[in-house]
Amino acid sequence: MAFLHEWIRPPQWPIRTGSLFLLLLLTLASAAGGQTTIENRIPRVLVLYPYDERIAATTVAGEAIRARLIQATDGKIDLFSEFLDLSRFPEDNYIERMAQFLAVKYADRQPDVVIALGELSAKFIVTHRASLARNAKILAAGFNRSTARRIKLPADVIGAFTEFKILKTAEMAQRLQPEARHLFIIGGSSEFDRWWLETARADLATFSKAYQTTYLEDLTIEEFVSRASRFPRDSIVLALSILKDRSGRNFIPREAVKRIAASATAPIYGPYSTFIENGSVGGNVVTFESLGSAVADLTLDAIQGKPITHVQAPHFDVVDARQMKRWGLSERNLPPGTVQMFREPGFLERYWLAALVTSAVVALQSLVIAILLLERRRRRVAEIQSRHRLLEVVHLNQSATAGALSASIAHELNQPLGAIRSNAEAASIILKSACPDLKLIEQILVDIQDDDQRAHDIISRMRGLLKKRGEIDWQEFDLNEVTATAIKILQGEAVRRGVVVSSSRVEGTLPIRADMVHIQQVILNIAINAMDAMSGKPGTDKKLTLKTRLTNDAKAELSISDSGNGIPEDKFGMIFEPFFTTKAAGTGLGLSIARTIVETYGGRILASNRRGGGAVFRVILPLARTELP
């Protein structure tokens, strides 16, 4: 199949035969010297173009040939180009004069290789090779093998053939438009156009049976445009070539396709790459660049004396991404390996490096976050376990405290119980008398109720000491009130030991947020330790003082002081350590547990000796509210 023709009105150029003949004679007369061999000079290559320089097909292929040869030989090659313009001047006398002119022109610069682009160029050089390039290797390109047989291409002329396969273009359209029901094939009125239509009918005979098929041929360009504007949307349109319309007007096929595509209501496909930039969606094409590269490789082998044979120019599935978007065609349906021209690169394609770096940073951050979350989870689990252990230890400490206070608590409980018994016996005697004193009985009953409430309070305090908790009971309470409650619990033990307990409290409230039972346990632990420290003192010297105040930095403080022997200077760093004790029967856990509890609620505990003897422990806790009543 030949390159696309460009048909235009031939300009009225006068041909002066006598002047041309004289020019040829003068050129021949000026020629001197013999031909040199290729071994002693750089090779010469002549490229023959069948048309003028405006035809994109041959021009693009020729430029590809030139670029490849110059690059491969490092510029050490003579390249000549001749535009035969045979489409506008097909007359035999013009062709003959052109052959004579070129023979004279290259008489002293015989080409080593002649490249004929297109069928017309091939026929020209085959006919005139004896006078123009007697010893040159002839390469032909731009048409198929059937055309080579038709024009009886000599066996020693090597071809780079192009086999345009309209069926593959149709199959591409079918993949992109699986819902299509109509098939239109467009062709012009020239001899070449009619050849294309006959070829398409044969190649698409089976394929077209699946569609309502219409061949649009032998129409004017206006009629083509009008029909295109009424295509059903579910149509596949194949444009072959329009070198001439019914009115006899000549066209460059890509320009004709561009006019038709502008008004088309369905996608148009075609077998030429030049259609793609002019409204065609695409097709299975031979790019003219690839054809030029194939011809250039044959030329290099011919120059080097290597054996060469016919080659097939590669085909590609090529589409125009702009037209794909226009018609809403999905690139997922494209044949594998399809080249998308004019495709806007996606975000990742355009900014792949930034995206890669960002992804790496995000992945690293995600890993760090995952590690931190895992660490946070482990920390929370550890905190929960630590809290549970603290609750267990506090409960054991509470049980131990209850055991230590059991004697005094039993003694304290016996007092209201004994009073209840005595009042009940007295009431029984009065009721048996002849005239019972009802007012006296009423007073006895009030005393029984008061004693019962005292016994209930003692038991409630004991229950609070022994109650086991699964979680910390966060609550807001007044440090003064929990101190007063602790003093009531300690009162019986203090009396039993002969310890005088006194207290003073700050005016107003000291609200703190913690578990009230835990803070109460801290007070009991320190107070019992203080009473133990005064066990060797005379009765009148055993004094235990509890005092609350607001510190200068707005925190709640409870100080517990005793009149014992104080803390040895070398023991200050050890008194809060687990299992450290100076008592023969002590466990060494009371102060350690107290410090753990205080620190759990954001506080701290300090110990020091008093000037007058004895020790003082200060428990400092943050306030739950900064604004106090």
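Let us look at the structure shown here. Note that the coordinates shown come from a computational prediction; the quantities given were computed from them, not determined experimentally.

What counts and how
- Residues numbered from 1 in each chain as written.
- Predicted model: local features only at pLDDT ≥ 70, side-chain atom pairs only at ≥ 80, totals over all residues.
- Heavy atoms only, no water.
- Pairing = 2+ DSSP bridges.
- Helix = DSSP H or I, 4+ residues; strand = E, 2+ residues; numbered from the N terminus.
- Salt bridge = Lys/Arg side-chain N within 4 Å of Asp/Glu carboxyl O.
- Buried < 20%, exposed > 50% of the residue type's maximum accessible area, 1.4 Å probe, protein only.
- Contact = heavy atoms within 4.5 Å.
- Axes fitted to C-alpha atoms, helices over the stretch in contact; angles between N-to-C directions.

Things to note about the pairing of strand 17 (residues 543–550)
In summary, the side chains of a regular strand alternate between the two faces of the sheet. Note that strand 15 (residues 500–504) and strand 17 share 5 bridges and pair parallel. When the sheet's bridge partners are listed, Val-500 is paired in strand 17 with Lys-543. Taking the residues between adjacent antiparallel strands as the criterion, strand 17 and strand 18 (residues 555–562) are bridged by 4 residues, where Ala-554 takes a positive phi near 60 degrees.

A word on the pattern of salt bridges
Once their charged atoms are close, side chains differing in charge can pair, the charge on each being opposite to the other. Scanning the model with the defined rule gives 20 salt bridges in all. Its salt-bridge partner being Asp-297, residue Arg-68 comes within 3.1 Å of it at the nearest N-O pair. Note that Arg-68 is positioned in helix 2 (residues 56–73) and Asp-297 in helix 11 (residues 288–303), a separation of 229 residues in sequence. Judged by relative accessible area, which is 33%, Asp-297 ranks as partly exposed. For Asp-320, the salt bridge is made with Arg-322, and the minimal N-O distance between the two is 2.9 Å. When salt bridges with common partners are traced through the structure, they connect Glu-493, Arg-496, Arg-497 and Asp-532 into a single cluster.

Details of unusual backbone geometry
Its identity as a non-glycine residue notwithstanding, Asp-218 has a phi of 55 degrees, on the positive side. Asp-218 sits in the partly exposed class, given a relative accessible area of 31%. At Phe-342, a position not held by glycine, the phi torsion is positive, near 60 degrees. Residue Phe-342 is classed as partly exposed on the basis of its relative accessible area of 35%.

Thoughts on the sheet that holds strand 3 (residues 113–117)
Read from one edge to the other, the open sheet built from 6 strands follows the order 2-1-3-4-5-11, with strand pairing classed as parallel. Only two strands of the sheet have a single partner each, and these edge strands are strand 2 (78–83) and strand 11 (311–312). The pairing of strand 5 (residues 158–161) with strand 11 spans 2 bridges and is classified as parallel. Residue Ala-160 lies in a different strand from strand 11, and its bridge partner there is Val-311. Across the sheet, helix 4 (residues 119–132) touches strand 1 (44–49), strand 3 and strand 4 (137–141), and the angle it forms with strand 3 is around 145 degrees. Contacts between helix 11 and the sheet are confined to strand 1, strand 3, strand 4, strand 5 and strand 11, with strand 4 contributing the most and set at about 170 degrees to the helix.

Structural notes on the sheet that holds strand 17
Read from one edge of the open sheet, 5 strands run 15-17-18-20-19, paired in mixed fashion. Edge positions in the sheet fall to strand 15 and strand 19 (604–609), since each has one partner strand and no second. Neighbour-to-neighbour, the strand axes of this sheet turn through a mean angle of 15 degrees, independent of strand direction. The sheet contacts of helix 17 (residues 516–533) involve strand 17, strand 18, strand 19 and strand 20 (615–622), and relative to strand 18 the element is tilted by about 25 degrees.

Geometric descriptors of this kind do not, in isolation, establish any biological role.
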